[in-house]
Amino acid sequence: MAYGIAVTSQKGGVAKTTSCISLGACLAEQGMRTLLIDLDPQANLTLATGMDSRQQSSTLADMIAHPERALRVEDLILATAQPGLSIISGSSEMADLERVLYEKPAYERTLARRLAPWLVDFEYVLIDCPPSLGSLTQMALATVDQALIPVQCDFFAAKGLDNLIEIIGAVRERVNPSLIYSVFITLFDARTTISKRILEQLSNHFGDLLLSSKINLDTRLRESPMAGEPVTLYAPRSRSSEQYRALAHEIILRKEMNHASQI
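Cut-offs used in this document
- Residues numbered from 1 in each chain as written.
- Predicted model: local features only at pLDDT ≥ 70, side-chain atom pairs only at ≥ 80, totals over all residues.
- Heavy atoms only, no water.
- Phe/Tyr/Trp six-rings, centres within 6.5 Å; stacked < 30°, edge-to-face > 60°.
- Helix = DSSP H or I, 4+ residues; strand = E, 2+ residues; numbered from the N terminus.
- Buried < 20%, exposed > 50% of the residue type's maximum accessible area, 1.4 Å probe, protein only.
- Lys NZ or Arg CZ within 6 Å of the ring centre and 35° of its normal.
- Axes fitted to C-alpha atoms, helices over the stretch in contact; angles between N-to-C directions.
- Parallel < 35°, antiparallel > 145°, perpendicular 65-115°, else oblique.
- Contact = heavy atoms within 4.5 Å.
- Nonpolar A, V, L, I, M, F, W, Y, C, P; charged D, E, K, R; others polar.
- Arc of directions from axis to C-beta.
- Salt bridge = Lys/Arg side-chain N within 4 Å of Asp/Glu carboxyl O.
- Polar contact = N/O pair within 3.5 Å; in protein donor to acceptor, adjacent residues only side chain to side chain.
- Pairing = 2+ DSSP bridges.

1. Re the packing of aromatic side chains
- Enumeration over the complete set of coordinates arrives at two aromatic pairs.
- Between Y3 and Y124 the ring centres are 5.9 Å apart and the planes differ by 75°, which places this aromatic pair in the edge-to-face class. Of this pair, Y3 sits in strand 1 (residues 3-7) while Y124 sits in strand 5 (residues 124-128), and the two are 121 residues apart along the sequence.
- With relative accessibility at 11%, the residue Y3 sits in the buried group.
- In this structure Y124 comes out as buried when scored by relative accessible area, which is 1%.
- With 5.4 Å between their ring centres and 75° between their planes, Y102 and Y107 make a pair best called edge-to-face.
- In this structure, K214 packs its charged tip against the face of F188, placed 5.4 Å from the ring centre.

As structure tokens, then:
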């Protein structure tokens, strides 16, 4: 069964989508069959992989909103430029779905139920959540094993973590008791005092929940989506590529340690 990770933050501009595709590419690079799922109505993850959901006759929103239709997940899965990395693309229709999900009973488990038969084909599933705490994000959190929270070393970004962690706790209590979360630093600027101070505060507050891997500012990360490739393909020797590889290694290692502790 695939290990699910929801990359989530209610604040935009913290490299959430960039981290989702970069981490997924690094996992695939290490031989892990990896699936990306674009739940964000902006569909930026889809664009970053060079895909266009408008060319598909059926979408993920169709599959979730209309379980009575004979839509198969495998018909929605597309290969990316990175071998071993696939994607279920997003679309603007997800915005309409966001509004109606609350009306459906046990909506949080909808995505998990629809994906379950196909998760055996992958080792990792990464979900790019919208920059909000609405029904789509809660559905993603109910589906995965881990919430992965990118945070910029910025006062407002750090303060915004409290509400998200409350939502994670609520989802854990209601539908997904095994859900864990980790925080990691993005867009880090080692030249500024404020970045170093907030990093220290986050480290003191979160302890082991703060991953040691952090992602520095890198223009290559802004360029790679325009090329429709993860940064590890666009600039494989760049600093950010190496840092996302380190992040992938840390996540794999922690997953194995958690698994061993439960045996």
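Further notes follow.
2. Let's talk about the packing of helix 5 (residues 93-101) against helix 7 (residues 135-143)
- At a closest axis distance of 8 Å, the pairing of helix 5 and helix 7 adopts a crossing angle of 80°. Classified by the angle their axes make, helix 5 and helix 7 are roughly perpendicular. Counting all contacts with helix 5, which are made through M94, L97, E98 and L101, the residues of helix 7 involved are S135, L136 and M139.
- Class assignment for the residues of the contact of helix 5 with helix 7 results in five nonpolar, one polar and one charged.

3. Concerning helix 5
- Every buried residue of helix 5 is listed here: M94, L97, E98 and L101. All buried residues of helix 5 lie within an arc of 110° about the axis, which places them on one face of the element.
- Residues of helix 5 that are buried in the fold lie against helix 3 (60-65) and helix 7.

4. Describing unusual backbone geometry
- One non-glycine residue, A43, lies in positive phi territory at about 55°.
- Mapping A43 onto the fold places it in the loop between strand 2 (34-38) and helix 2 (44-48).
- Judged by relative accessible area, A43 falls into the buried class, the value being 10%.
- The phi torsion at A106 lies on the positive side, around 50°, for a residue other than glycine.
- By the secondary structure assignment, A106 is in the loop between helix 5 and helix 6 (110-115).
- A106 sits in the partly exposed class, given a relative accessible area of 47%.

5. Thoughts on the pattern of salt bridges
- Applying the stated criterion across every chain yields a total of 10 salt bridges.
- With a shortest N-O distance of 3.8 Å, K16 and D40 are connected by a salt bridge. Residue K16 is found in helix 1 (residues 16-29), and its partner D40 is found in the loop between strand 2 and helix 2; the two are separated by 24 residues along the sequence.
- Exposure remark for D40: the relative accessible area of 3% places this residue in the buried category.

6. Notes on the environment of R239
- Residue position: R239 is located in helix 13 (residues 239-262).
- Separated by 23 residues in sequence, R239 and N216 have C-alpha atoms that sit 8.0 Å apart.
- In contact with R239, not counting residues within four places along its chain, are N216, L217 and D218.
- For R239, the side chain forms a polar contact with the main-chain oxygen of L217, separated by 2.7 Å.

7. A few points about the sheet that holds strand 7 (residues 180-188)
- Pairing is mixed in the open sheet, where eight strands are placed in the order 3-4-2-5-1-6-7-8. The open sheet terminates on both sides in strands that have one partner only, identified here as strand 3 (77-79) and strand 8 (210-216). Across the sheet, the mean angle from the axis of one strand to that of its neighbour is 25°, orientation sign disregarded.
- Alignment of strand 6 (residues 146-152) against strand 7, held across seven bridges, turns out to be parallel. Looking across to strand 7, one finds that V151 is bridged to I185.
- Where helix 1 meets the sheet, it contacts strand 1, strand 2, strand 4 (85-88), strand 5, strand 6 and strand 7, and its direction lies at approximately 170° from that of strand 5.

As far as function goes, none of this settles anything; it's purely spatial.
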